[in-house]
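# Working through the structure, step by step
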Amino acid sequence: MLDEDQKIAFELANGHNLIISGQAGTGKSFLLKYIVKDQREKQKNVAIVCSTGIASTLYKELGAKTLHKWAGIENGRHLNEEIIHLVQSDERFMSVKHNIQTTDLLIIDEVSMHG
């Protein structure tokens, strides 16, 4: 079950931008999975993205992807204007456009960014 801090974060996750931080073993991943389960039970379209493919394996059962793959920015070599143009006009980016337009909750896990 959730502890008091997790309960507060869980309540805030409903319609707010939220940063969940803490040391290893404090239940961040548990809380994220709990939030995803709750939101999907409410028929919300939830996407989980991570900075690396290795990090996304932590949420494999929830369909996590790298941010680059989900957002269609590939290896990040494009300028912002190029990405916008591709997403708006290139048929190859239809799934990316769909991701952006239909996601109710986007969770960005930065676990691999910690030293």
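Above this text sits the structure in question.
Residues numbered from 1 in each chain as written. Predicted model: local features only at pLDDT ≥ 70, side-chain atom pairs only at ≥ 80, totals over all residues. Heavy atoms only, no water.

### Quick notes on the overall build of the chain
Within the chain, the regular secondary structure consists of six helices and three strands. Expressed along its principal axes, the backbone C-alpha trace of the chain runs to roughly 45 × 35 × 25 Å. Buried positions account for 33% of the 115 residues belonging to the chain. In the chain, the share of contacts with a sequence separation of at least 24, taken over all contacts with a separation of at least 6, comes to 53%. For the chain, the computed accessible surface area is about 8,100 Å², with 55% contributed by carbon and sulfur atoms. Placing the 13 positive and 15 negative side-chain charges of the chain at their respective mean positions leaves the two points 5 Å apart. (Helix = DSSP H or I, 4+ residues; strand = E, 2+ residues; numbered from the N terminus. Buried < 20%, exposed > 50% of the residue type's maximum accessible area, 1.4 Å probe, protein only. Contact = heavy atoms within 4.5 Å. Areas by Shrake-Rupley, 256 points an atom, 1.4 Å probe, with all protein chains shown as cover. Lys, Arg positive; Asp, Glu negative; His and termini not counted. Charge placed at Lys NZ, Arg CZ, Asp CG, Glu CD.)

### What about the sheet that holds strand β1 (residues 46-50)?
The parallel open sheet is built from three strands, whose spatial order is β2-β1-β3. At either margin of the open sheet sits one strand with a lone partner, and together these are β2 (65-66) and β3 (105-109). Taken strand by strand, helix α2 (residues 28-41) contacts β1 and β3, and its axis lies near 165° from that of β3. (Pairing = 2+ DSSP bridges. Axes fitted to C-alpha atoms, helices over the stretch in contact; angles between N-to-C directions.)

### Here's the deal with the nonpolar core
Of all hydrophobic cores here, the largest spans 17 residues; its most connected members are L31, I35, V36, I48, Y59 and I107. Elements with a minimum of two residues in this core: α1 (4-12), α2, β1 and β3. Of all the elements, α2 adds the most residues to this core, at four residues. Not counting the four nearest positions on each side in its chain, I107 is found in contact with L32, V36, V46, A47, I48 and V49. Grouped together as the second largest cluster of nonpolar side chains are six residues, I83, L86, V87 and F93 included. (Core = buried A, V, L, I, M, F, W, Y, C linked by side-chain atoms within 4.5 Å.)

### Points about the packing of α1 against α2
Any two packed helices are characterised by the angle at which their axes cross and by the distance between the axes. Two elements in contact, α1 and α2, have axes separated by 10 Å at closest approach and are oriented at 40°. When the interaxial angle is binned, α1 and α2 end up oblique. Seen along the crossing, α1 lies across α2 with a hand that is right-handed. Of the residues in α2, those touching α1 at Q6, A9 and F10 are F30, L31, Y34, I35 and D38. (Parallel < 35°, antiparallel > 145°, perpendicular 65-115°, else oblique. Left-handed = near helix turned anticlockwise from the far one by under 90°.)

### With respect to helix α5 (residues 80-89)
Buried residues of α5: I83, L86 and V87, and no others. The arc that holds the buried residues of α5, viewed along the axis, is 95°, so those residues lie on one side. Of the exposed residues in α5, the ones pointing more than 90 degrees away from its buried face are E81, H85 and Q88. Its buried side turned inward, α5 meets α6 (94-102). (Arc of directions from axis to C-beta.)

### Side note on the pairing of β1
Counting buried positions along β1 yields five of five residues, so the element is predominantly enclosed. Neither face of β1 is left uncovered, since the one carrying V46, I48 and C50 and the one carrying A47 and V49 both have all their residues buried. As defined by bridge partners, β1 adjoins β3 across five bridges and the pair is classed as parallel. Bridging across to β3, I48 finds its partner in I107. Strand direction decides the pairing type here: β1 and β2, joined by two bridges, are parallel. Residue C50 lies in a different strand from β2, and its bridge partner there is T66.

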